[in-house]
Amino acid sequence: MALSELHDRFRFVLVRTSHAGNIGSAARAIRTMGFDRLTLVAPHRFPDPEATALAAGADDVLAGAALHDDLVGGLSGTTFALGLSARRRGVNLPELDPREGAAQAIAAARRGEQVALVFGNERTGLENDELSRCHAMVRIPSVDDFSSLNLSQAVQVVAYELRVALLADQARVPVAEPDPDEAPADAEQVERFFTHLGETLDDIEFHKGRSPTTIMLKLRKLFLRARPELRELRILHGILADAQRMAGLAKKRD
């Protein structure tokens, strides 16, 4: 498989971007490294002349950018997501540097997966609920006393690490064609499962005074780490549906 085809398995996802110029600069950053898939989640302003100006000719990236209202939509079709964060958060995720993140992202792409690199708002970064939809967190090891990178600079660092790793990887190993029967479930399919799981826990009155939010965060971490295949999710949905049916029968008997 050509390097360009492998590049197509990566998308850069910008969440709640405040400044249109940063969208243009990010488009330029990924285009220089051979990537062209940009996804925008609830941007403050787009399209915008400032984005076009700072893209500096990467107009094809801006023209092809996908727009979504929320991160669930922005991750649609992806099966592996890395969330970029400038600081440690309350979400308990594996923490990688950009080089480690690139290696894991490329391994996923070689398995035929669609990979998302997720960047948050310029001021606040990714919120905890956004990070919780990622499989791992990537932190750029900047100095402690001046750690803030511009959004497009962070995008450039990650795109560069991916590009260098892809070039080295392409020289070593032929790309294996994915087995469709073993593909992990994508982000939308996993989110539907989490919704079903939450509903089932309520139906069987599982929580009994415990925090539903805490329980669901722990279960989310467990299943994201397991990265279930779609056929495995179908089995889990079947188990949940039976549990809901039995709970309904028990309530009728009462």
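This one's a predicted model, so the numbers in the text were calculated from it and none came from an experiment.

## A word on the overall build of the protein chain
Summing up its helical and strand segments, the protein chain has 11 helices and seven strands in all. Since a compact globule built from 254 residues should have a radius of gyration of about 18 Å, the 20 Å found for the protein chain is in line with a globular shape. Referenced to the eigenvectors of the C-alpha coordinate spread, the extents of the protein chain come out at roughly 70 × 40 × 35 Å. Counting over 254 residues, the protein chain shows a buried share of 45%. Surface exposure of the protein chain reaches about 13200 Å², of which carbon and sulfur atoms provide 53%. Distance between charge centres in the protein chain, computed from 32 positive and 36 negative side chains, equals 4 Å.

## A short note on the environment of Arg 245
Here Arg 245 lies in helix α11 (residues 230–253). Using a relative accessible area of 47% as the deciding quantity, one classes Arg 245 as partly exposed. Taking the C-alpha atoms as reference points, Arg 245 and Thr 200, separated by 45 residues in sequence, lie 9.7 Å from one another.

## What to know about the nonpolar core
Of all hydrophobic cores here, the largest spans 42 residues; its most connected members are Phe 10, Phe 12, Leu 38, Phe 119 and Leu 162. Residue contributions to this core peak at seven residues, all from helix α8 (residues 151–172). Ignoring any residue separated from it by four or fewer positions in sequence, one finds Leu 38 in contact with Phe 12, Leu 14, Ile 23, Ala 27, Ile 30, Val 61, Leu 62, Gly 64, Ala 65 and Ala 66. With 15 residues, the next largest nonpolar core counts Ala 81, Val 91, Val 118 and Met 137 among its residues.

## Some remarks on helix α2 (residues 20–32)
With 13 residues, α2 should cover 18 Å at 1.5 Å per step; its first-to-last C-alpha distance of 19 Å lies within 8% of that length. With 10 of 13 residues buried, α2 lies mostly within the body of the structure. When we look at burial in α2, the residues that qualify are Ala 20, Gly 21, Asn 22, Ile 23, Gly 24, Ser 25, Ala 26, Ala 27, Ala 29 and Ile 30. Directly beyond the C-terminal end of α2, a positive phi value near 90 degrees is found at Gly 34.

## Points about unusual backbone geometry
Pro 47 follows Phe 46 through a cis peptide bond whose omega is 0 degrees. Phi at Glu 205 is positive, roughly 55 degrees, even though this residue is not glycine.

## Considerations on the side chain of Ser 132
One can find Ser 132 in the loop between α7 (128–131) and β7 (136–138). Here Ser 132 falls in the buried class, since its relative accessible area comes to 6%.

## Remarks on the side chain of Gln 189
Within the secondary structure, Gln 189 is located in helix α9 (residues 187–203). Note on Gln 189: relative accessible area 19%, which makes it buried. Excluding its chain neighbours within four sequence positions, the residues that come into contact with Gln 189 are Leu 230 and Leu 233.

## Examining the pattern of salt bridges
Evaluation of the coordinates by the stated rule reveals 12 salt bridges. Residue Arg 133 is joined to Glu 191 by a salt bridge in which the shortest nitrogen-to-oxygen separation is 3.6 Å. One end of the pair, Arg 133, is in the loop between α7 and β7; the other, Glu 191, is in helix α9, with 58 residues separating them in the sequence. Taking the relative accessible area as the measure of exposure, Arg 133 reaches 22% and is therefore partly exposed. Judged by relative accessible area, which is 13%, Glu 191 ranks as buried. Where Glu 229 meets Arg 231, a salt bridge forms, and the shortest distance between an N and an O atom there is 2.7 Å. Assessed through its relative accessible area of 16%, Glu 229 is described here as buried. Residue Arg 231 is classed as partly exposed on the basis of its relative accessible area of 43%. One salt-bridge network, held together by shared partners, links Arg 45, Asp 48 and Glu 50.

## A few points about the sheet that holds strand β3 (residues 66–68)
With parallel pairing, seven strands are arranged side by side in an open sheet as β3-β2-β1-β6-β4-β7-β5. Pairing within the sheet leaves two strands with one partner each, and these edge strands are β3 and β5 (95–96). Its contacts with the sheet put α2 on β1 (10–15) and β2 (38–41), and the angle it makes with β2 is roughly 155 degrees.

## Section: the environment of His 7
Along the polypeptide, His 7 turns up in helix α1 (residues 3–7). Only 3.3 Å separates the side chain of His 7 from the side chain of Arg 163, close enough to count as a polar contact.

Cut-offs and rules
- Throughout, a residue's number is its position along its own chain's written sequence, starting from 1.
- Since the coordinates come from a predicted model, pLDDT governs what is reported: local features require at least 70, and pairs of side-chain atoms require 80 or more to be given and counted, while whole-chain, interface and lining totals use all residues.
- Remark: hydrogens and water are excluded; side-chain values derive from all non-hydrogen atoms of the structure.
- Put simply, DSSP marks the helices as runs of H or I at least four residues long and the strands as runs of E at least two long, and each gets a number from the N terminus on.
- The globule rule is 2.2 Å times the number of residues to the power 0.38, and the radius of gyration it is compared with is taken over C-alpha atoms.
- Buried residues are those whose accessible area, probed at 1.4 Å on protein chains only, stays under 20% of the maximum for their type, while exposed residues exceed 50% and partly exposed ones sit between those limits.
- Using the Shrake-Rupley algorithm and a 1.4 Å probe, accessible areas are obtained, with residue cover drawn only from the displayed protein chains.
- Positive charge is attributed to Lys and Arg, negative charge to Asp and Glu, and no charge count is given to His or to the chain ends.
- Where a charge lies is defined by one atom per residue type: Lys uses NZ, Arg uses CZ, Asp uses CG and Glu uses CD.
- In plain words, nonpolar cores are sets of buried Ala, Val, Leu, Ile, Met, Phe, Trp, Tyr and Cys residues tied together by side-chain atoms within 4.5 Å.
- Any two residues having at least one pair of non-hydrogen atoms within 4.5 Å are treated as being in contact.
- A helix is expected to span 1.5 Å multiplied by its residue count minus one.
- Between Lys or Arg on one side and Asp or Glu on the other, a salt bridge is scored when a side-chain nitrogen of the former is within 4 Å of a carboxyl oxygen of the latter.
- Pairing between strands is defined by DSSP: at least two bridges between the two strands are required.
- As a rule, the C-alpha atoms of each element are fitted with a line to give its axis, helices using only the stretch in contact, and angles between N-to-C directions run from 0 to 180 degrees.
- Counted as a polar contact is a pair of N or O atoms within 3.5 Å, where, for protein atoms, one must be capable of donating a hydrogen and the other of accepting one, and residues adjacent in sequence contribute only when both atoms are in side chains.

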